[in-house]
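# Tertiary structure, described
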Amino acid sequence: CKAFVVNECTQPVGWEEGRHREARALLESFLEDMETGSLLQRYVWAIQSAARAETNLGSCFCDEDKPEEAERFFLRAVERLEDLENFYASREFSPATYRNVTSMRAGALISLAVNANVRLGDPERALGYFERAYELRQDPFATVLLACYRARSGREAEARVALARVVPEPNLYYNLACTHALLGDTSRALSFLELELSVNHPTRGARERQKAWARDDPDLRSLRDQARFQELTSER
């Protein structure tokens with residue numbers, strides 16, 4: 001499956017070029033400066049900035065295939081943001097006034113889920129993180145991903161309950177294909193994959209990139225021996 005990005009942070013210097021170690025050094029220096037001063041005790045913006053830095057540090061470690069370190073920083077961001085939400089709630093602020101903080105926490109939890117699934121190879125832990133994120137953000141895209149994580153963990157009945165709440169639309173086609181493939185619904189999975197390639201990728205270049213992704217996606221492994229899958233994803 002392809003996950004969605006929900007946090008609003010600006011990517012650190014060196015990110016686009018893949019210089020993760022350089023980006024990590026800058027982020028670690030920034031966090032050290034924040035934590036040695038008094039900003040975190042005085043300003044909400046400083047707490048949010050630290051959480052953004054920790055989330056990006058987690059992403060750096062994830063990209064460097066250091067999942068335990070990635071998890072540590074993602075969890076620090078989640079804890080920091082949750083404390084901030086509790087601060088607002090204790091003063092009876094409307095949840096709408098700190099929605100951006102809640103969205104950031106959902107993003108960090110999704111990053112934890114991806115790291116647990118892809119890097120740690122622990123689908124059960126990934127599901128736990130994603131279900132926490134889903135409590136904060138419930139839209140059709142997130143619901144499909146919830147079904148996908150449940151299916152990946154072998155919770156077929158729970159996955160189908162989530163799927164029953166989804167009305168298919170173009171931005172959901174690929175993850176619907178993945179989820180149905182994980183559930184053994186071969187025909188439906190292939191139908192959604194065909195829709196994904198024909199509707200969402202009208203140019204040849206975009207279509208070929210998506211085909212390559214699909215050929216390597218472990219969620220679609222059960223389809224690889226199907227003639228229709230091979231035809232849909234063939235290089236041409």
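Quick summary incoming for the structure in this document. (Residues numbered from 1 in each chain as written. Predicted model: local features only at pLDDT ≥ 70, side-chain atom pairs only at ≥ 80, totals over all residues. Heavy atoms only, no water.)

What follows deals with helix H10 (residues 186-199). In a regular helix each residue adds 1.5 Å, so 14 residues correspond to 20 Å; H10 covers 20 Å between its end C-alpha atoms and thus fits that length. Taken as a whole, H10 has its buried residues at Ala 189, Leu 190, Phe 192, Leu 193, Glu 196 and Leu 197. Relative to the axis of H10, the buried residues are bounded by an arc of 165° and lie together on one face. Packing partners of the buried residues in H10 comprise helix H9 (173-182), helix H11 (204-216) and helix H12 (227-233). (Helix = DSSP H or I, 4+ residues; strand = E, 2+ residues; numbered from the N terminus. Expected span 1.5 Å × (residues − 1). Buried < 20%, exposed > 50% of the residue type's maximum accessible area, 1.4 Å probe, protein only. Arc of directions from axis to C-beta. Contact = heavy atoms within 4.5 Å.)

Within the secondary structure layout, Ser 153 lies in the loop between helix H7 (140-152) and helix H8 (156-163). Here the alpha-carbon distance between Ser 153 and Asp 122, two residues 31 residues apart in the chain, equals 8.8 Å. Apart from the residues lying within four places of it in its own chain, the contact partners of Ser 153 are Pro 123, Glu 124 and Leu 127.

Viewed as axis vectors pointing N to C, helix H4 (residues 67-90) and helix H5 (residues 99-119) meet at an angle of 160°, and their least axial separation amounts to 9 Å. One way to sum up the angle between H4 and H5 is to call them roughly antiparallel. Helix-helix and strand crossings are classified by hand; for H4 and H5 the assignment is left-handed. Facing Pro 67, Ala 70, Glu 71, Phe 74, Leu 75, Ala 77, Val 78, Leu 81, Glu 82, Leu 84, Glu 85 and Tyr 88 of H4, the residues of H5 in contact are Val 101, Thr 102, Met 104, Arg 105, Ala 108, Leu 109, Ser 111, Leu 112, Asn 115 and Arg 119. Across the contact of H4 with H5, the residue classes break down as 14 nonpolar, 3 polar and 5 charged. (Axes fitted to C-alpha atoms, helices over the stretch in contact; angles between N-to-C directions. Parallel < 35°, antiparallel > 145°, perpendicular 65-115°, else oblique. Left-handed = near helix turned anticlockwise from the far one by under 90°. Nonpolar A, V, L, I, M, F, W, Y, C, P; charged D, E, K, R; others polar.)

Before going further, it helps to examine the packing of aromatic side chains. In the structure shown here, the tally under the stated rule is 7 aromatic pairs. In this structure an aromatic cluster arises from ring pairing among Phe 87, Tyr 88, Phe 93 and Tyr 98. The ring of Tyr 149 is capped by Arg 152, whose NZ or CZ atom sits 4.8 Å from the centre of that ring. (Phe/Tyr/Trp six-rings, centres within 6.5 Å; stacked < 30°, edge-to-face > 60°. Lys NZ or Arg CZ within 6 Å of the ring centre and 35° of its normal.)

Following both chains from N to C, one finds H10 and H11 inclined at 150°, their axes separated by 9 Å at the closest point. By the criterion of interaxial angle, the relationship of H10 to H11 is roughly antiparallel. The handedness of the crossing between H10 and H11 is right-handed. Contact residues: H10 offers Leu 193, Glu 196 and Leu 197, while H11 offers Arg 207, Gln 210, Lys 211 and Ala 214. Taken together, the residues of the contact of H10 with H11 sort by class into 3 nonpolar, 1 polar and 3 charged.

Among the nonpolar cores identified, the biggest contains 68 residues, and Phe 130, Leu 176, Leu 193, Leu 220 and Leu 223 are the most heavily contacted of them. Apart from residues no more than four positions distant in its own chain, Leu 176 is found in contact with Val 144, Leu 163, Val 166, Pro 168 and Phe 192. (Core = buried A, V, L, I, M, F, W, Y, C linked by side-chain atoms within 4.5 Å.)

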